[in-house]
Amino acid sequence: KMVDKFVGTWKILESDKFDEYMKALGVGFATRQMGNMAKPNLLFSVEGDVICMKSQSTFKTTEVKFKLGEEFEETTADDRKTKTTITLENGKLVQKQCWDGKQTMIEREVIDGKLIAKCIMGDVVAVRKYEKEA
């Protein structure tokens, strides 16, 4: 299965422009400070056709369970209530979140054994890089 390469526990290595991304989402200063300090682990598991994605940090743990291409309601780490759809496109997991007439996309792909997450909001693109925990 295409999603198998995502399965496992990933820890964050580096993060670029994440503060700008949170600002573009409309996240307040205090939450951004915590978001910038958090070093989340990303855990992917698959059961049948249900994918579970968990983000774990000392600041907050969030978890979503979804089927590819099926819209679900998500409460994000910064407390947005979004209508979210996650699809697999050219080996990338593409997460689209819609709320209050706005939309953001998070594209995740595995390149050379690293998980690269691109967070896109308008013309702001943050890049977060993770490595798999042994």
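Residues numbered from 1 in each chain as written. Predicted model: local features only at pLDDT ≥ 70, side-chain atom pairs only at ≥ 80, totals over all residues. Heavy atoms only, no water.

- Looking at an unreviewed UniProt entry, one finds the protein named Fatty acid binding protein 4a, with Lepisosteus oculatus as its source organism.
- UniProt, in the comment section headed Sequence similarities (unreviewed entry), describes the protein in these words: "Belongs to the calycin superfamily. Fatty-acid binding protein (FABP) family." (UniProt positions renumbered as here; feature names shortened; annotations may be inferred.)

Looking at the pairing of strand E7 (residues 92-99)
If a strand is regular, its side chains alternate between the two faces of the sheet.
Right, on to step 1. As defined by bridge partners, strand E6 (residues 81-89) adjoins E7 across 7 bridges and the pair is classed as antiparallel. Residue pairing across strands places Lys83 opposite Cys98, the latter belonging to E7.
Right, on to step 2. With antiparallel pairing between neighbouring strands as the criterion, E6 and E7 make up a hairpin whose turn holds 2 residues, including Asn90 at a positive phi of roughly 50°.
Right, on to step 3. Looking at chain direction, E7 and strand E8 (residues 102-111) are connected through 7 bridges and run antiparallel. Bridging across to E8, Val94 finds its partner in Glu107.
Right, on to step 4. The antiparallel hairpin formed by E7 and E8 contains 2 residues in its connecting segment, where Asp100 sits at a positive phi of about 45°. (Pairing = 2+ DSSP bridges. Helix = DSSP H or I, 4+ residues; strand = E, 2+ residues; numbered from the N terminus.)

Re the sheet that holds E7
Right, on to step 1. What the 10 strands build is an open sheet, ordered E4-E3-E2-E1-E10-E9-E8-E7-E6-E5; its pairing is antiparallel. The open sheet is flanked by strand E4 (61-66) and strand E5 (72-75), the only strands paired with a single partner. Averaged over neighbouring strand pairs, the angle between their axes works out to 25° when direction is ignored.
Right, on to step 2. Sheet topology places strand E9 (residues 114-121) next to strand E10 (residues 124-132); 8 bridges connect them, and they run antiparallel. (Axes fitted to C-alpha atoms, helices over the stretch in contact; angles between N-to-C directions.)

Brief notes about the state of the cysteines
Right, on to step 1. Inspection of every chain in the model, using the stated rule, returns 0 disulfides.
Right, on to step 2. The thiol of Cys98 is not disulfide-bonded; the next cysteine sulfur, from Cys119, is found 16 Å away.
Right, on to step 3. The buried category is assigned to Cys119, whose relative accessible area is 5%. (Disulfide = S-S within 2.5 Å. Buried < 20%, exposed > 50% of the residue type's maximum accessible area, 1.4 Å probe, protein only.)

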